[in-house]
Amino acid sequence: MKHLVLLGGGYGNMRVLKRLLNSSDLPENIQLTLIDRVPYHCLKTEYYALAAGTISDHHVRVTFPDHPRLNIKYGEVTAIDVKEKKVLLKDQDAVSYDDLVIGLGCEDKYHNVPGADQFTLSIQTIDKSRQTYQILNNLHANAVVAVVGAGLSGVELASELRESRPDLTIKLFDRGDMILSAYKKRLSNYVQNWFVEHGVEVINNSNVTKVEEGALYNHDEKVECDAIVWTAGIQPSRIVRDLDVEKDSQGRVVLTEHHHLPTEEHVYVVGDCASLPYAPSAQLAEEQAEQISQVLLARWNEQPLPEMNEIKLKGVMGSLGKKSGFGTMGSTALIGRVPRLLKSGILWLYKYQV
Ligand SMILES: Cc1cc2nc3c(=O)[nH]c(=O)nc-3n(C[C@H](O)[C@H](O)[C@H](O)COP(=O)(O)OP(=O)(O)OC[C@H]3O[C@@H](n4cnc5c(N)ncnc54)[C@H](O)[C@@H]3O)c2cc1C
């Protein structure tokens, strides 16, 4: 038997599993093991709503596949020994592999801002999102919440929290001149205006230089806050950062066109940990996973490796609470109710087809 081990049951590896387990080309001698610290697939793209308290915990969980060829192991991955072909686990025996797909996702990146790791809340793991939910929803009336970072996740969290807690003062700290300034002007205007109309204070051209208990410093100005959520940057999982392999400037692993390490053709990296020509996203993880599945099947069946086409992404959909949203489809900017409905539809399809 040959053993494929998948680290992390996120968007990337769920797609690898779906493709392999449903394939008539999966050779009889391949056994699969999925390892995750959490006993279900988590819909990370919805963590902003979990933290804001507008959806239930159950809503962001999907059961892992039940299949005779798949063994599921729950535990904390602590290291990968590429030389010995072993995955080390906390308080459990190491797991050996013949092929490995690393899909451990990402963590917050604090850009060396003093106090940020200690005094801010996170929405990067389900556990941390639950803690954030508890703290945000237990805040006293009229408390002040700062959201640091106005990318997709910061915007979604600030708007969802507005709907969940109309009494709060919400301050969204944005580094740019205009919110979501990388998008078309029509879209960023719409989002900025949504915040103005809904009483969320957007602080453009901000630079958070220090965080301490109950306050952050924007440039050098102290801003008192009852809670601070960090959505200002991500980096690959520490397990991947600790690997002695080539990385790009964001710490993501540099791969061959077939998505494995240049020095080890049995170790693949999928999703947020992989160096790809796009910003990390669930959609990207899934598209890359499609290609990894093709490569694995070709290798196991001793067929020539497939040519890898350029990965094409369909666009981005973001929410502004439950009734409004924004997005892009090709070069078209979408604003208002339509992108919000599309986002809900995509989530619904994902949950029931995964
Ligand atoms: C609030 C928010 C909104 C987002 N919205 C969108 C969106 O609208 N569209 C989009 O495309 N992307 C969105 N993203 C980004 C998207 O969620 C990620 O890019 C995607 O989850 C990456 O998939 P992945 O397979 O690399 O890892 P993940 O989906 O993060 O999965 C990683 C898995 O590894 C497990 N794991 C991690 N470390 C360990 C360990 N040491 N031991 C054991 N298990 C471990 C985790 O439990 C998890 O199951 C959003 C992200 C956030 C935070």
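It should be noted that the structure appears before, not after, this text.
This is a predicted model, so every value here is computed, not measured. (Residues numbered from 1 in each chain as written. Predicted model: local features only at pLDDT ≥ 70, side-chain atom pairs only at ≥ 80, totals over all residues. Heavy atoms only, no water.)

Caption draft 1: Examining the sheet that holds strand S16 (residues 221-224) more closely. Read across the sheet, three strands follow the order S14-S15-S16 without closing on themselves; strand pairing throughout is antiparallel. With one partner strand each, in any of the chains shown, strand S14 (208-212) and S16 form the two edges of the open sheet. Averaged over all pairs of adjacent strands, the angle between their axes in this sheet comes to 25 degrees, without regard to strand direction. (Pairing = 2+ DSSP bridges. Helix = DSSP H or I, 4+ residues; strand = E, 2+ residues; numbered from the N terminus. Axes fitted to C-alpha atoms, helices over the stretch in contact; angles between N-to-C directions.)

Caption draft 2: Fine view of the pairing of strand S21 (residues 315-320). Here S21 runs beside strand S22 (residues 324-329); their pairing, made up of six bridges, is antiparallel. For Gly-318, the partnering residue across the bridge sits in S22 and is Phe-326.

Caption draft 3: Summary view of the packing of aromatic side chains. Applying the stated rule across the entire model yields four aromatic pairs. The interplanar angle of 40 degrees and the centroid separation of 5.3 Å between the aromatic rings of Tyr-11 and Tyr-350 together place this pair among those described as tilted. Here the residue Tyr-11 occupies a position in helix H1 (residues 11-21), and Tyr-350 occupies one in helix H9 (residues 337-353), the gap between them amounting to 339 residues. On the basis of relative accessibility, which here comes to 11%, the residue Tyr-11 falls in the buried class. Between Trp-348 and Tyr-352 the ring centres are 5.1 Å apart and the planes differ by 45 degrees, which places this aromatic pair in the tilted class. In this pair, Trp-348 and Tyr-352 are both assigned in helix H9, four residues apart and thus about one turn of the helix distant. Classification of Trp-348 as exposed rests on a relative accessible area of 54%. The positively charged end of Arg-61 is found above the aromatic ring belonging to Tyr-40, 4.9 Å away from the centroid. In this arrangement the basic side chain of Lys-210 is found over the ring face of Tyr-217, its NZ or CZ atom lying 4.9 Å from the centre. (Phe/Tyr/Trp six-rings, centres within 6.5 Å; stacked < 30°, edge-to-face > 60°. Buried < 20%, exposed > 50% of the residue type's maximum accessible area, 1.4 Å probe, protein only. Lys NZ or Arg CZ within 6 Å of the ring centre and 35° of its normal.)

Caption draft 4: Structural view of the site of the ligand. In the vicinity of the ligand there are 32 residues, among which Gly-12, Asp-36, Val-77, Asp-272 and Ala-282 approach most closely. The contact in question runs from an oxygen atom of the ligand to an N or O atom on the backbone of Gly-12, over 2.9 Å. Contact between the ligand and Arg-37: a nitrogen atom at 3.2 Å from a main-chain N or O atom of the residue. Burial of the ligand by the surrounding chains reaches 90%, relative to a free accessible area of 1000 Å². At the level of elements, H1, helix H5 (152-164) and helix H8 (282-300) are the ones that each hand at least two residues to the shell around the ligand. (Near = heavy atom within 4 Å. Polar contact = N/O pair within 3.5 Å; in protein donor to acceptor, adjacent residues only side chain to side chain. Areas by Shrake-Rupley, 256 points an atom, 1.4 Å probe, with all protein chains shown as cover.)

Caption draft 5: View of the pattern of salt bridges. Tallied over the full model, the rule gives 17 salt bridges. A salt bridge links Glu-76 to Arg-37; the shortest N-O distance between them is 3.0 Å. Note that Glu-76 is positioned in the loop between strand S5 (70-74) and strand S6 (77-81) and Arg-37 in the loop between strand S2 (30-36) and strand S3 (41-42), a separation of 39 residues in sequence. Using a relative accessible area of 52% as the deciding quantity, one classes Arg-37 as exposed. Within the structure, one salt-bridge network assembled from shared partners comprises Arg-15, Arg-19, Glu-286 and Glu-290. (Salt bridge = Lys/Arg side-chain N within 4 Å of Asp/Glu carboxyl O.)

Caption draft 6: Just a nonpolar patch on the surface, in detail. Together, Met-329, Val-338, Leu-342 and Ile-346 make up a nonpolar patch on the protein surface, roughly 340 Å² of accessible area in all. Tracing the backbone shows Val-338 in helix H9. (Patch = residues over 30% accessible without salt bridge, like charges linked within 9 Å, V, L, I, M, F, W, Y side chains within 5 Å.)

Caption draft 7: Structural context of the sheet that holds strand S17 (residues 227-230). The parallel open sheet is built from four strands, whose spatial order is S13-S12-S11-S17. If you trace the sheet from one side to the other, it starts and ends with strand S13 (200-203) and S17, each paired once. Direction aside, neighbouring strands of the sheet carry axes that sit 20 degrees apart on average. Alignment of strand S11 (residues 144-148) against S17, held across four bridges, turns out to be parallel. Among the inter-strand pairings, Val-147 is bridged to a residue of S17, identified as Val-229. Sheet contacts for H5: S11, strand S12 (169-173), S13 and S17; angle to S12, the most-contacted strand, approximately 170 degrees. (Contact = heavy atoms within 4.5 Å.)

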